[in-house]
Each structure stands twice: as structure tokens, then as C-alpha cells.
Amino acid sequence: MDVATPPPAAVEVIALTKRYAAGTPAAVDQIDLRIASGSYCCLLGPSGCGKSTTLRMIAGHESVSTGDILLDNRNITDLPAAARGTAMMFQSFALFPHLSALDNVAFSLKMKGVGKAERQKRAGDLLERVAMGHLAERKPGELSGGQQQRVALARALITEPRVLLLDEPLSALDPFLRIQMRAELRRWQKELGLTFIHVTHSQEEAMALADTMVVMNHGLIEQVGSPHEVYNHPASEFVARFMGGHNVLDTPAGPIAVRNDHMQIAPDGAGPGLAAHVTDVEYQGTYVLLGLALDGVAKARQTVSVLLGEAAFLARPYASGDAVRLTWAEADARVLGPGAQRPADPATTAPAERDDTAAIAAFVA
Ligand SMILES: Nc1ncnc2c1ncn2[C@@H]1O[C@H](COP(=O)(O)OP(=O)(O)OP(=O)(O)O)[C@@H](O)[C@H]1O
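S.K.: Honestly, empty space enclosed by the protein in this entry has me stumped. Any pointers?
M.R.: To locate leftover empty space, one rolls a probe as large as a water molecule over the atoms. Scanning the model with the defined rule gives 1 cavity of 30 Å³ or more in all. Roughly 40 Å³ of internal volume is contained in the largest cavity. In terms of lining residues, the largest cavity is bounded by R129, V130, L153, L157, W188, E191 and L192. Those elements that provide at least two residues to the lining of the largest cavity are α4 (145-157) and α5 (175-192). Counting residues per element, the lining of the largest cavity draws most heavily on α5, at 3 residues. When its residues are assigned to classes, the lining of the largest cavity shows 5 nonpolar, no polar and 2 charged.

S.K.: Would you mind showing me how to read the site of the ligand here?
M.R.: Inspection of the region around the ligand gives Y20, A27, P46, S47, G48, C49, G50, K51, S52, T53 and R56 as its neighbouring residues. For the ligand, an oxygen atom lies 2.6 Å from a polar atom in the side chain of S47. Between the ligand and C49, the relevant distance is 3.0 Å, taken from an oxygen atom to a main-chain nitrogen or oxygen of the residue. Within the complex, 55% of the 630 Å² of free accessible area of the ligand lies under protein. Residue classes in the shell around the ligand are distributed as 4 nonpolar, 5 polar and 2 charged.

S.K.: Where do I start with the layout of surface pockets in this structure?
M.R.: The volume enclosed by the largest pocket comes to roughly 580 Å³. In terms of lining residues, the largest pocket is bounded by 26 residues, among which T86, A87, M88, S108 and T159 are the most central. For the lining of the largest pocket, the secondary structure elements donating two or more residues are β6 (86-89), α2 (101-111) and α4. Partitioning the lining of the largest pocket into residue classes produces 16 nonpolar, 6 polar and 4 charged.

S.K.: Got a minute to help me understand the pattern of salt bridges in this structure?
M.R.: Close approach of charged atoms lets side chains of opposite charge pair. The full count for this structure, using the stated rule, is 16 salt bridges. Across the salt bridge formed by R301 and E237, the nearest N and O atoms sit 3.0 Å from each other. With R301 in the loop between β15 (287-294) and β16 (303-309) and E237 in helix α8 (residues 237-243), this pair connects stretches of sequence that are 64 residues apart. Among the residues examined, R301 registers a relative accessible area of 27% and is labelled partly exposed.

S.K.: Explain the packing of aromatic side chains here, please?
M.R.: Any two aromatic rings considered together are summarised by their centre-to-centre distance and by the angle between their planes. For the structure shown, the criterion picks out 3 aromatic pairs. Measuring from centroid to centroid gives 5.7 Å for F238 and F242, while their planes differ by 10 degrees, and the two rings are stacked. Of this pair, F238 and F242 both sit in helix α8, separated by 4 residues, roughly a single helical turn. With a relative accessible area of 21%, F238 lands in the partly exposed category. Sitting over the ring of F96, R155 keeps its end group 5.9 Å from the ring centre. Here the basic side chain of R316 rests over the ring of Y318, its NZ or CZ set 4.5 Å away from the ring centre.

Cut-offs applied
- Residues numbered from 1 in each chain as written.
- Predicted model: local features only at pLDDT ≥ 70, side-chain atom pairs only at ≥ 80, totals over all residues.
- Heavy atoms only, no water.
- 1 Å grid on protein atoms, 1.4 Å probe; cavity = no way out; pocket = protein on both sides within 12 Å on 5 of 7 lines; lining within 4 Å.
- Points joined across faces, edges and corners; volume = space filled by probe spheres on them.
- Helix = DSSP H or I, 4+ residues; strand = E, 2+ residues; numbered from the N terminus.
- Nonpolar A, V, L, I, M, F, W, Y, C, P; charged D, E, K, R; others polar.
- Near = heavy atom within 4 Å.
- Polar contact = N/O pair within 3.5 Å; in protein donor to acceptor, adjacent residues only side chain to side chain.
- Areas by Shrake-Rupley, 256 points an atom, 1.4 Å probe, with all protein chains shown as cover.
- Salt bridge = Lys/Arg side-chain N within 4 Å of Asp/Glu carboxyl O.
- Buried < 20%, exposed > 50% of the residue type's maximum accessible area, 1.4 Å probe, protein only.
- Phe/Tyr/Trp six-rings, centres within 6.5 Å; stacked < 30°, edge-to-face > 60°.
- Lys NZ or Arg CZ within 6 Å of the ring centre and 35° of its normal.

Here it is in C-alpha cells:
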């Protein structure tokens, strides 16, 4: 198949800021980020954190208040969307219902005045590439959600973008198809070798797809790293709680995070650790998730969980109301930093520079 894929581009944003209205907090507040060429980057965070605004500014669909966007060192901040080298794939796919898959894909070439034979050839090649050549004459209403997504991808690729921007591209699909299409997106990105920037509110989706995860909160970047780095070394309490699967525990050295599958649980009276009560037992098949409340801790911070393998649980089943003690290995405790600070705030100590191992060890023992 002869469909040229342009070389991927690195994207850099510098002090990028969006303020929708004067006197309101910035929706995106002086963020700095570099996305490696040919990588899959997921912008992740809760609703309203500024991830879509960031994507739309990169796409040229939203004006920038201050700051710069570079694509391979070329400043694209003020370029129109069509001149940037980016293409956008939307949540709803935004296909024209009255056009065939082929004409949907060819549409932007038609707008550019490309002749019919040429645009149909290029659109046909791209549909082949996403395994949709045999359905080229179907209208969107005659295609499944997954097939529509492939047409939407082909349509985004026809402009030969250097960077593909995806705004919650899987959220319109049912859960089963979402997992299937997630694997396809990942495969396409690797095959095409393009830079993908994908906005999602789903931790699971970002972990499954990303080379680089960017966790955002209140218009700021909390952490950038591989899924493994972010999951195993959450930088702040926000990241630990947002990623899930972690307990945040207050120690004399400040808050720490411990993965719930790294917690050890023993019946009460069996030595050191934090006293707690089992509040909930959830059988999940391979694992059993125990919900617990720490004794003598303020209500807002007393909830923790322990994930036990099924065999371990069956060997020593716990039930709601049981008094237990919780411990963890020192090596599994992650000291949490204060999180992202508004740019005007004074710099605070970075978590990596703190060495609280002795204080934590004393607390656990
Ligand atoms: N057109 C707009 N006018 C005014 N405020 C806006 C506009 N679009 C977004 N905002 C505000 O900017 C902030 C960031 O919104 P944004 O859509 O970027 O967040 P998000 O993380 O993508 O959220 P979601 O997952 O809900 O889409 C929010 O407080 C939102 O209310």
C-alpha cells in the first residue's frame, strides 16, 4: 500500500495559559510540557482540569492567552488549525451522516480542490489501511461504532498530520468495544509512527495506551512520566488518589502512599502496625478488595483498602467488623510531595529531594 506517512513531530508547550474571562482562574496556567516525537501521550485528569483546553489550543481550535506552542521547534501558536500539521479526532467522530465512508475521508481534499480521481484514490488507500476498504460505500449510520472510529481516523490522517490529537475518542463506545478499539489505537500509533496526544479522564485508558502520561489538576500539571513511573511513584497525594489503588497514610514525615496490594494485614493483637476495622469485603475473582477504616483517625482520612490474592484471602478470610493491624514494607512507601503549585506560589521542596526514609521506618516499626 502506498500511503506516505509524514515524519512525526515533537510538540512543546511553554508557559501555556488560557484564561476564558478576566478575573476568573486560568483554565490552563503556565504549563510547560515536551512530548517526544513518535510517542503516545495521554493528558489525564478529572473533569475541568484543563486537558481539553490544552488539546484545543494545540489544535488551534482555541486561542492562547499567553505562552507558546512549538511543533518541531516551529512556533505554531498563532497559525490557523489547518496550517499547523495537526489533525483532530473527536469523541463523537463528527462524521457527515449523508456521505459515504469514502466521501467522509475525502472531504477535506475536496475542500482543498484536489481532483475527484486523486482524492478517491487517497481516501480509498487510507480506508484500506484501517481495514475499512470493503465498507467504503457505507454511510456512517450503516457502520458499527468501531468501524465509524476507523473512518474518523482515516479522515484525520488524510491531511497527513505530523501530530494526531484525540479528544476522548473512546468514550462514545460501549465498554467491550472500548477495550478493543483501545488496542487498535495503540497499534495504529505504532504502525504509523506518528505523535498521538490523547485526552482522557480514564486512568485505566491512559495506563493502557500511553508512553507518557501527563496528570493535570486545576489547570496545572501534577506529574509527567511513564505509566509505570506515575503508578509506582505518585508525586503527590492528588496523583496517588486520582490513579487509585493506593492508600494515603499520614506519618510524622508527612503523607505517604502505599499500593493497596503492597499492604500487609494481620488479625488484631499480632504485633506492630496501624489498627483498623474491616468495613467491606468485595470479591473480584482473582483478588478480594477489603475496605477498612483506620482507628483513631479523622473520618476524612480514615478510609484505606487492601487487595489480597484470592488464595491468601481464602487461607485467612476477613469479614466486616474484624479488628486488624496494617503494615507495609519500608521500600513500598512513597513520600508524597505537595503537588503542583500555582506559578506565583513560592517553590516548595521537590519530593525527590526529600529523604524521609528514617522517619517512615520508625513509624512503621
Ligand atoms: N468555552 C469556555 N468558556 C468558559 N470556560 C470554559 C470554556 N471551556 C472550558 N471552560 C472552563 O475551563 C476549565 C477547564 O475546562 P476543560 O474543558 O479544559 O477541562 P477538561 O479537563 O477537559 O474537562 P472535561 O473532562 O469535563 O472535558 C473548566 O473550569 C471549564 O469550566
